[in-house]
Structures are given as structure tokens and as C-alpha cells.
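# Summary of the model geometry
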Amino acid sequence: MTFRTVLRAGSTGLALAALCAGTALAQTAAPEAPAAAAAALPNKGDTAWMLVSSLLVLFMTLPGLALFYGGLARSKNMLSVMSQITATAIVMCLIWVVYGYSLAFTSGGSLTSFVGSFSKAFLAGVTTDSTSDTFTKGVVIPEYVFICFQMTFAMITPALIVGGLVERMKFSALVLFVVLWGSFVYFPIAHMVWFSEGYLFTLGALDFAGGTVVHINAGIAALVGALVLGKRIGYGKELMTPHSLTMTFIGTAVLWVGWFGFNAGSNLEATAGAALAMINTFVATAGAGLGWLFIEWVVKGKPSLLGMLSGIVAGLVAVTPAAGLVGPMGAIVLGIVAGIVCFFFCTTVKNALGYDDSLDVFGVHGIGGIIGSIGTGIFVAPALGGVGVADYAMGEQVWKQFVAVVVAVLWSGVGSFILYKIVDVVVGLRVTSDQEREGLDIAEHGERAYNI
Amino acid sequence: MKIVMAIIKPFKLEEVRDALTAIGVHGLTVTEVKGYGRQKGHTEIYRGAEYAVSFLPKIKIEVAVGNDLVERVVEAITATARTGQIGDGKIFVFAIEKAVRIRTGETDADAL
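Note that the coordinates shown come from a computational prediction; the quantities given were computed from them, not determined experimentally.

### So, the overall build of chain B
- Along its length, chain B carries two helices and six strands.
- Its C-alpha atoms give chain B principal-axis dimensions of roughly 60 × 25 × 20 Å.
- Burial status across chain B gives 18% buried among its 112 residues.
- Put simply, 68% of the contacts in chain B that link residues at least 6 apart link residues at least 24 apart.

### Regarding the confidence of the model for chain B
- With 100% of its residues at a pLDDT of 70 or more, chain B shows a mean pLDDT of 92.
- Scoring of the predicted complex yields 0.86 for pTM and 0.71 for ipTM.

### Quick look at the pairing of strand β5 (residues 56-65) of chain B
Residue and element names in this part refer to chain B.
- In this structure, strand β1 (residues 2-8) lies alongside β5, joined through seven bridges in antiparallel fashion. Residue pairing across strands places A6 opposite I61, the latter belonging to β5.
- Bridge count between strand β2 (residues 29-35) and β5: seven bridges; the pairing is antiparallel. The residue of β5 that forms the bridge with V33 is K58.

### A few points about the interface of chain B and chain A
- Contacts between the two partners involve eight residues from chain B, matched on the other side by 13 residues from chain A.
- Of all the secondary-structure elements, those providing two or more residues to the side of chain B that touches chain A are β3 (42-46) and β4 (49-53) of chain B.
- For the side of chain B that touches chain A, the class distribution of residues is five nonpolar, one polar and two charged.

### So, the sheet that holds β5(B)
Residues and elements named next belong to chain B.
- Pairing within the open sheet is antiparallel, and its four strands lie in the order β2-β5-β1-β6. Lying at the two open borders of the sheet, with one neighbouring strand each, are β2 and β6 (89-95). Neighbour-to-neighbour, the strand axes of the sheet open up by a mean angle of 20 degrees, direction not taken into account.
- Against the sheet, helix α1 (residues 13-22) touches β1, β2 and β5, its axis set at about 10 degrees to β5.
- Helix α2 (residues 67-81) contacts β1, β5 and β6 of the sheet and is inclined by roughly 5 degrees relative to β1.

### Considerations on the nonpolar core
- Residues L65(A), Y69(A), L334(A) and A338(A) are the most contacted members of the largest nonpolar core, which totals 148 residues.
- At 15 residues, the largest contribution of residues to this core is made by helix α5 (residues 143-165) of chain A.
- Each residue touching L334(A), except ones within four places of it in the same chain, is listed here: A284(A), A318(A), V319(A), A322(A), V326(A), G372(A), G375(A) and F379(A).
- With 15 residues, the next largest nonpolar core counts V4(B), I61(B), V63(B) and I77(B) among its residues.

### Details of the packing of α5(A) against helix α6 (residues 171-194) of chain A
All names here are of chain A.
- α6 packs onto α5 with a crossing angle of 125 degrees between their chain directions and a minimal axis gap of 11 Å. Taken together, the axes of α5 and α6 lie oblique to each other. The two elements α5 and α6 cross, and the hand of that crossing is right-handed. The residues of α6 that touch α5, namely those facing A154, T157, P158 and L165, are L174, V178, W181, G182 and Y186.
- Residue composition of the contact of α5 with α6, grouped by class: seven nonpolar, two polar and no charged.

### Concerning the environment of M192(A)
All names here are of chain A.
- Its place among the elements puts M192 in helix α6.
- For M192, a count of 28 C-beta atoms within 10 Å translates into the label buried.
- Considered as a pair, M192 and V213 are 21 residues apart in the sequence and their alpha carbons are 8.9 Å apart.
- Those residues within four positions of M192 in sequence are excluded, and the remaining contacts are F114, G198, Y199, L200 and F201.

### A closer look at the environment of S244(A)
Residues and elements named next belong to chain A.
- Note on placement: S244 falls in the loop between α8 (211-229) and α9 (245-265).
- Classification of S244 as partly exposed rests on a count of 19 C-beta atoms within 10 Å.
- It is 31 Å that separates the C-alpha atoms of S244 and G265, two residues lying 21 residues apart in sequence.

About the criteria used
Residues numbered from 1 in each chain as written. Chains lettered and ligands numbered in written order. Predicted model: local features only at pLDDT ≥ 70, side-chain atom pairs only at ≥ 80, totals over all residues. Helix = DSSP H or I, 4+ residues; strand = E, 2+ residues; numbered from the N terminus. Buried ≥ 20, exposed ≤ 12 C-beta atoms within 10 Å, placed from the backbone. Contact = placed C-beta atoms within 7 Å. pLDDT = per-residue confidence, 0-100. Pairing = 2+ DSSP bridges. Nonpolar A, V, L, I, M, F, W, Y, C, P; charged D, E, K, R; others polar. Axes fitted to C-alpha atoms, helices over the stretch in contact; angles between N-to-C directions. Core = buried A, V, L, I, M, F, W, Y, C linked by C-beta atoms within 7 Å. Parallel < 35°, antiparallel > 145°, perpendicular 65-115°, else oblique. Left-handed = near helix turned anticlockwise from the far one by under 90°.

Set out below in C-alpha cells:
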């Protein structure tokens, strides 16, 4: 049901498929027939890996992202950041099983290029016997674990947007926005990219673990949100230094570890493909951390911890669409480029344009995602160490990647803009200026992060 | 009786305390403060964004002493808190009108 790519038809994959089918089933007859695939039983190793991966991605959101973002905010807004991320996660968790999974991963009839149907709303028809396909023919995983794994993606993506809106957006507005954004932006884009009948899937755009679906999507939504909401009071005039880079460090470390579930888990099987995604998630990240560290050292005079941490996240973002598709050396180049370019976007470009993307969601996730998506089209080339795709031509593949980026940017940009405006009319986007000055922790939640 | 109040660099506190103990000062009040003088502030850089931090962290110490000790206290602080760099801080001396030790009710010189 969800072949994200159709490229893993190499001999290794086939051999593994045969092996898995043989050991798990003793039913190797006619493994190529669709009927046989439907009857395939999940491999326990694959299932175990996907169960663990789902938890790793959950851990990225809570507490990883919450600490990463929270530390960058001022202490008076720490709990507000954590509340918004937690609320996003639990709301998305529920609407995912109510109708999100169905909209993303079922056939949508005449609209199937863009969105699925409600045929699996409330997980109708899903049982412990139902399975989801992987990249390898005849290899399946339990549908429940696939739903959980994809659920964690649906939880973290809108949570990423919070970083562009912090310290001024009303809690009620955020919750309403997340419900709308999940429904009208995330589910359709996930369908377009990852469902076999989706527009970008059939186009042949490559997105291994969610560069377009997750990062460009969230990065653009955060940028639009920062523009619609406006700057924080005092932005550019008052001190808005991160209140705890210690928290940000912990959050980054959790994100990195969790990201192995995100990227290597997106292989859907516990195979060499997952191992490739894993090593790429190591080295691209290290490359980007180093890239940001050095460029900041040269330009600003000091090598900063926050620089390394930002580079690490930029590298993780950039390698996301590429993880299982490029070689480790290509991943390093991708990482270094992402580290350097994201640095310039978070500093020079942001300052020049004057928008208050508070925690640099666009600069890191939007730009890092675009670099990763385009870069995937380049470094997937076997000549550059990538795994290759059928009928690969670099120019053509890069063009497909570019189309995917443009579709994601437009869909998320226009969609998010409309949704922000709707939310503004319904509940109002911003807290009052008094509440903003007091801090959202006390003003909105009636509690304080640190009672020292 | 005088209060000697000094604003010093935070990392000089231990040295100052040792020096004051050595000349017979038995008590000291320390407060973490922020402020600026000729040193003005410094620059902090977060993700490439530069922030001018105009209030720097300093330590304020207050010590109440008899008139006989005042000059030696001032000298001790001056000698130990000095780095020669801008931002070493300042010392102020005030008169005390009255002092009481709460536990015993002793007053003035007996209370110090």
C-alpha cells in the first residue's frame, strides 16, 4: 500500500524477501502473485524494529523537541512552549486514528492524487491480521505498527511549527490551528508523497523519511505563521536570549537519537537499508554540525555550542529525505552544505527580511528540507555512491525533486495562510500585549517553570 | 562603625573573603547583582544573532566593621579584587547609626 519508492528491487532485497518468506511462512510458492503478498505474515524482526522506531520518533517530540525549543525561549514562556508541543502531539495522535490515517493512506477515488478517503476512519477494518506492505515484495508489517509509526510523524510535524509561533500565540488558537492544519495540509501532503496513488509518488519524487512531508511542510507553515502573527513585542530591541542552552543541548541529543527511528525506521524493515539510513543519519548530522560550527567561528569569531546544535538539527533535516537513498559520503556533503546554508538563512537572511521566525523553524527545517530534497536527487546517483533508482537521470530526478518542493511549499504556504486567517477570526491568534509581556506561562497556563 | 559595600567581579569573591577573614572580619553579606559602569556591557551571540548585554553580573558584598578596621578592609578588597581590567568594581563606605544582634540584644560595637 505504501511503497514510498520502487527502487529497492535489487537482488539483495529479493533474496531477503525470499528468505523472510521462507523462514516465517514456509510458504514460498508464488511469492510474486498479489494474492500471496496479501497472505504474507509479518517478520518478527521487522515488526520489532518498527515498534521500537515508533517509540523513538515519539521520544523526538516529547521530550526532545519540547526541550530543544523550550531552552531557546525565555524562561517566562518555557511551559507555554512545552504545553503547545504536548497538546499538538496528543491532538494529532487522536485525529490520526479517527480520520487522519484514512485520509493519508487509503485510495481517494477521483481525488486520490491529492488525498485519500474516509474508508478507514476510526480504523475501520483494521485488525491484528491486517498488514501493510514494505519496500520489498512479499514482506509486510502489521498494519497497527505502521499506523503507530506514521502517527508519530503526524504528531511531530505540526509540533515543529510551534517554534515559529512561540511566545505570542494563544494556546487555544494553536490547538485549533493544529487540528485544521493536520486535516487540510499534513494528511493530503503525506498522501501525495507516500501513498502509491499520490501525485508526487507517481511522479517519482524521492522522499525517504519525510523531507517534504515533514520538514518543508512545517518550515513553510512556521514562516507563514511568523509573518501572519507578526513579531514578538520588543523583537530586535530587547534581549531575547535563550533561557537555557542546557535544555536545548539535552533536546538536541534526544532528537538525534530519536531520529534513527525516524530515518532508519522509514525503511520499514530491519535490513541493510535501515543500516544505510542509520549511518547516513550519523555522518550527515556530524557534517552539518561541523559546517555550522566552522562557518560561525569564521564569521562571528567564536565556536558556539548552539551553533553546533543548530547544525546537528539542520543535518538531521537534510538527510531525512536522503537517508536510505544516498551513500555515506554523499550524506556528509549534504550535511556540510545544509549546515552552512542554514546558518546564513538563520542569520543574514532572517535579519535582512526582518521576520520573527522565533526559533528558526524555516531557517533550519524549511531550508534544510529543501536542500535535502534537491540533494537527494543528486546524491542518489550510483556514481556518487547512492543506491540509484530505475531509469535514473540526474537532471530529470532533480527536476522531480524540485516539483515536489514547489508543490509542498505552495500547498503548505497557501493552506497555512488560509488556516491562520480562519483561526484569527474564530479565536484570535495572539495573546494580549500585557499577557505577552508577563509571559505565557503565567498568563495562559497559571504556572511557572522555575520556582526557585 | 561603618558598612563597607563593594561591587566586585564574581570570580574574585573567594579571594576577597579569604583576605577579609585574615584581617579579622567575622561576617559578610553577599548578593548577586547586575549592573554596568565604565565596562558597559558585552556581546552575546545566539545563532549568529548578536545581543548587546548591558547589565553584567557582579557580586555585591557588604561588611559591617568598627572604625579601626575600615581602612584595612578597603585596602584588602582593593588589593584582592583588582585585575587591572576595566570592570573591577567599586567600594563605598557608609556610616552605621545603630547595630543590634538579634539573638542577644547587644548593640553597636558589641553587635558586630
